[in-house]
Amino acid sequence: MMSLTVAALTFGIIFLAELPDKTALASLVLGTKYRASYVFAGVAAAMAVQVVLALAAGHLLSLLPHRWVEGVTGVLFLAGAAMLLFHGGGDDEDGHAAKEPSSNSFWKVAGASFVVVAVAEFGDLTQIMTANLAAKYADPLAVGLGAWLALCAVGGLAIVGGQKLLKHVPMKLIIRVAAAIMVVLAGISIVGAITG
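A quick note: this is a predicted structure, and the numbers were derived from the prediction, not measured.

**Student:** It is not clear to me how the overall build of the chain should be interpreted in this structure. Could you clarify?
**Tutor:** Secondary structure assignment for the chain yields 8 helices and 0 strands. Starting at the N terminus and ending at the C terminus, the chain contains elements arranged as α-α-α-α-α-α-α-α. In the chain, which comprises 196 residues, the proportion classed as buried is 43%. Summarising the internal contacts of the chain: among those between residues at least 6 apart in sequence, 92% fall at separations of at least 24. As displayed, the chain offers around 10200 Å² of accessible surface, 74% of which is attributable to carbon and sulfur atoms.

Here it is in structure tokens:
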């Protein structure tokens, strides 16, 4: 039987760890560009896959050398910042209207959101924490449910917050700030990889 205490504890830990994470940032940006419900469907599916991977193979991730994990994370942050700056700006004249994708079909938007979040979340701190919590409590169902709900809650808040934020802040500014944060996180990760 699943322990609600373990699920609640996992929810709290993962929720707090995910708030300042790149996945929340990606969800926020996606939520400002595309239909929120479609983005959330892709984000929730990506989070489910990542939680399953964490529960099934998370212990293998924790065996990787710390420097390798930090180096790869740093490169991914830089790539994310470059993608935001070079492909996220678009030609939004007034900066306040959410852009629709070239095809606003559910499958295209949800699929794109799934890929972006799945890649951003792979090997992430919260994925490793989920694996560690599953090992500690030996209750993968409770840990998995708590982690998935926490990740979805942060993604949902970022998507809704992104929609509200866009009413007051130009899209170009949001993209530049998000890219700057990713560059800072890349620097921290790369320094961590070099210094060990």
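Let us keep going from here.
**Student:** Help me understand the packing of aromatic side chains in this model?
**Tutor:** The relation between two aromatic rings is expressed through the spacing of the ring centres and the mutual angle of the planes. Applying the stated criterion across every chain, the model contains 3 aromatic pairs. Seen from their ring centres, Tyr38 and Phe106 are 5.3 Å apart, and the 85° between their planes marks the pair as edge-to-face. In this pair, Tyr38 sits in helix H3 (residues 36-63) while Phe106 sits in helix H5 (residues 106-121), placing the two residues 68 residues apart along the sequence. Here Tyr38 falls in the buried class, since its relative accessible area comes to 18%. What links up through ring pairs into an aromatic cluster is the set Tyr38, Phe106 and Trp107.

**Student:** What's the story with the nonpolar core in this structure? I'm lost.
**Tutor:** For soluble globular proteins, nonpolar side chains are generally found buried alongside one another. Membership of the largest hydrophobic core comes to 27 residues, with the highest contact counts inside it found for Ile14, Val39, Val43, Met47, Val117, Val143 and Leu151. Secondary-structure elements contributing two or more residues to this core are helix H1 (4-18), helix H2 (22-33), H3, H5, helix H6 (125-137) and helix H7 (140-166). Of all the elements, H7 adds the most residues to this core, at 8 residues.

**Student:** Would you mind going over the confidence of the model for the chain with me for this structure?
**Tutor:** Parts of the prediction with low pLDDT should not have their coordinates interpreted in detail. Here the chain shows a mean pLDDT of 76. Residues at 70 or above account for 74%. Residue range residues 89-101 is modelled with pLDDT below 50. Its contacts to residues more than four positions away, or to other chains, number 34 contacts.

**Student:** Which parts of the structure should I look at to understand the packing of H2 against H5?
**Tutor:** Between two packed helices, both the angle of their axes relative to each other and the distance between the axes serve to describe the pair. In contact at an axis separation of 9 Å, H2 and H5 are set at 165° when each is read in the N-to-C sense. Classified by the interaxial angle, the pair formed by H2 and H5 is roughly antiparallel. As for how H2 packs across H5, the hand of that crossing is right-handed. Of H5, the residues touching H2 (which contributes Lys22, Thr23, Ala26, Ser27 and Leu30) are Ser113, Val116, Val117, Ala120 and Glu121. In the contact of H2 with H5, the residues fall into 5 nonpolar, 3 polar and 2 charged.

Basis of the calculations
- Residues numbered from 1 in each chain as written.
- Predicted model: local features only at pLDDT ≥ 70, side-chain atom pairs only at ≥ 80, totals over all residues.
- Heavy atoms only, no water.
- Helix = DSSP H or I, 4+ residues; strand = E, 2+ residues; numbered from the N terminus.
- Buried < 20%, exposed > 50% of the residue type's maximum accessible area, 1.4 Å probe, protein only.
- Contact = heavy atoms within 4.5 Å.
- Areas by Shrake-Rupley, 256 points an atom, 1.4 Å probe, with all protein chains shown as cover.
- Phe/Tyr/Trp six-rings, centres within 6.5 Å; stacked < 30°, edge-to-face > 60°.
- Core = buried A, V, L, I, M, F, W, Y, C linked by side-chain atoms within 4.5 Å.
- pLDDT = per-residue confidence, 0-100.
- Axes fitted to C-alpha atoms, helices over the stretch in contact; angles between N-to-C directions.
- Parallel < 35°, antiparallel > 145°, perpendicular 65-115°, else oblique.
- Left-handed = near helix turned anticlockwise from the far one by under 90°.
- Nonpolar A, V, L, I, M, F, W, Y, C, P; charged D, E, K, R; others polar.

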